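# Coordinate inspection notes
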Amino acid sequence: MTLPVTTLDDPRAQAELRARTGGPKDVGPKVLEHLLGWTLVVVIAMLVTQTGLL
């Protein structure tokens, strides 16, 4: 079985190269991200209530 050869003349290959923006990946520690996000929310809420801004 042979794999199809793609070159830069192929529009699909060009689209794949343009689509890669280097942004955040979909894979990763989602639990850690949510935990850190909620921790930040709690810390900001504590800061706001301690300083009397609310």
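Quick look at the structure, then. Each chain carries its own residue numbering, running from 1 in the written order of its sequence. Where local features are concerned, this predicted model is filtered to residues with pLDDT of at least 70; where side-chain atom pairs are given and counted, the filter is 80 or more; whole-chain, interface and lining totals use all residues. Neither water nor hydrogens contribute to the side-chain values; these are computed over all heavy atoms in the structure.

Counting its regular elements, the protein chain contains two helices and zero strands. For the protein chain, buried positions account for 4% of its 54 residues. What sets the accessible areas is the Shrake-Rupley method with a 1.4 Å probe; for residues, cover comes only from the shown protein chains. Total accessible area computed for the protein chain in this model is approximately 5,600 Å², and 68% of it derives from carbon and sulfur atoms. Under the DSSP-based scheme used, a helix requires at least four consecutive residues in state H or I and a strand at least two consecutive residues in state E, with every element numbered from the N terminus. Exposure is judged per residue with a 1.4 Å probe applied to protein chains only, and the accessible area is read against the type maximum: over 50% gives exposed, under 20% gives buried, and values in between give partly exposed.

Here the focus is helix α2 (residues 30-51). Residue pairs spaced three or four apart in an α-helix point in one direction, given the helix's 3.6 residues per turn. The length a helix should cover is 1.5 Å for every residue beyond the first. Its 22 residues place the ends of α2 32 Å apart at the C-alpha level, agreeing with the 32 Å of an ideal helix rising 1.5 Å per residue. One or two residues past the end of α2 sits Gly52, with phi positive at roughly 75 degrees.

Before going further, it helps to spend a moment on a nonpolar patch on the surface. Every patch collects residues that have over 30% relative accessible area and no salt bridge, joining them within 9 Å if they carry like charges and within 5 Å if they are nonpolar side chains (Val, Leu, Ile, Met, Phe, Trp, Tyr). Just to be clear on terms, a salt bridge is a Lys or Arg side-chain nitrogen sitting within 4 Å of an Asp or Glu carboxyl oxygen. Among the surface-exposed residues, Leu32, Leu35 and Leu36 lie close enough to one another that they form a single nonpolar patch of about 310 Å² accessible area. One can find Leu35 in helix α2.

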